[in-house]
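Structural overview for review
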Amino acid sequence: MGYAGEAMNELHGTDVFTEDNRTSSGYGFSELTRDMGRDLRKSKARIKSNLVLQEVAEELENAKATHAPMNGHHEGYAVILEELDELWAECKSNTHAKNTPEAERPALREAKRQRMRKEAIQVAAMAIRFIEDVCDK
């Protein structure tokens, strides 16, 4: 067993690696690192999702502080449709004019992504508000 195997055994307090460099559960080092990588990717995705949900919650609270509750499903649908139309307008917009220099285009595309993101968060917030104001009454 090499230095890495001994270090893992010491860290975990168990016999992680056997003489053939496999864990007692049948995993080899490559399977172990693959699983660790997958878990890390899941954690990063979970963190990003939580940040997006936090932004949606903040948008929802701002809307509640600014506007009265939705009076019914027709009004709720109209509010969601308005936000969706704003998102669609951003989706359809050009990121640059034909004469825009190539060096400026990435910044313009990023600005468009940020505007679309903002509108999508508003759509999500209004969908939640619809659920709370109309469906859960």
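Located above this text is the structure these notes cover.
Below is a summary of the structure that appears in this document. (Residues numbered from 1 in each chain as written. Predicted model: local features only at pLDDT ≥ 70, side-chain atom pairs only at ≥ 80, totals over all residues. Heavy atoms only, no water.)

**Side note on the side chain of R129**
- With respect to the helices, strands and loops of the structure, R129 is situated in helix α4 (residues 105-135).
- A relative accessible area of 4% places R129 in the buried class.
- Among the polar contacts made by the side chain of R129, one reaches the main-chain carbonyl oxygen of A68 at a distance of 3.0 Å.
- Among residues more than four places away in sequence, those in contact with R129 are L60, A63, K64, H67, A68, P69, M70 and V134. (Helix = DSSP H or I, 4+ residues; strand = E, 2+ residues; numbered from the N terminus. Buried < 20%, exposed > 50% of the residue type's maximum accessible area, 1.4 Å probe, protein only. Polar contact = N/O pair within 3.5 Å; in protein donor to acceptor, adjacent residues only side chain to side chain. Contact = heavy atoms within 4.5 Å.)

**Here we look at the layout of surface pockets**
- Approximately 220 Å³ is the volume attributed to the largest pocket.
- Together, 15 residues line the largest pocket, and A63, H67, V79, M126 and R129 are the ones closest to its centre.
- Taken together, the residues that form the lining of the largest pocket break down as six nonpolar, four polar and five charged. (1 Å grid on protein atoms, 1.4 Å probe; cavity = no way out; pocket = protein on both sides within 12 Å on 5 of 7 lines; lining within 4 Å. Points joined across faces, edges and corners; volume = space filled by probe spheres on them. Nonpolar A, V, L, I, M, F, W, Y, C, P; charged D, E, K, R; others polar.)

**As for a nonpolar patch on the surface**
- The grouping of Y77, L81 and L84 at the surface amounts to a nonpolar patch, some 290 Å² of accessible area in total.
- Relative to the assigned elements, L81 resides in helix α3 (residues 73-92). (Patch = residues over 30% accessible without salt bridge, like charges linked within 9 Å, V, L, I, M, F, W, Y side chains within 5 Å. Areas by Shrake-Rupley, 256 points an atom, 1.4 Å probe, with all protein chains shown as cover. Salt bridge = Lys/Arg side-chain N within 4 Å of Asp/Glu carboxyl O.)

**Considerations on the pattern of salt bridges**
- Here the structure, examined in full by the defined rule, presents six salt bridges.
- Between E55 and R117 there is a salt bridge whose closest N-O contact spans 2.7 Å. Pair noted here: E55 is in helix α2 (residues 29-66) and R117 is in helix α4, with a separation of 62 residues, a long-range link.
- With relative accessibility at 28%, the residue E55 sits in the partly exposed group.
- The exposure class of R117 is partly exposed, given its relative accessible area of 31%.
- With a closest N to O distance of 2.6 Å, E132 and K64 form a salt bridge. You can see E132 sitting in helix α4 and its partner K64 sitting in helix α2, a full 68 residues away along the chain.

In short, shape yes, function no, at least from these values alone.
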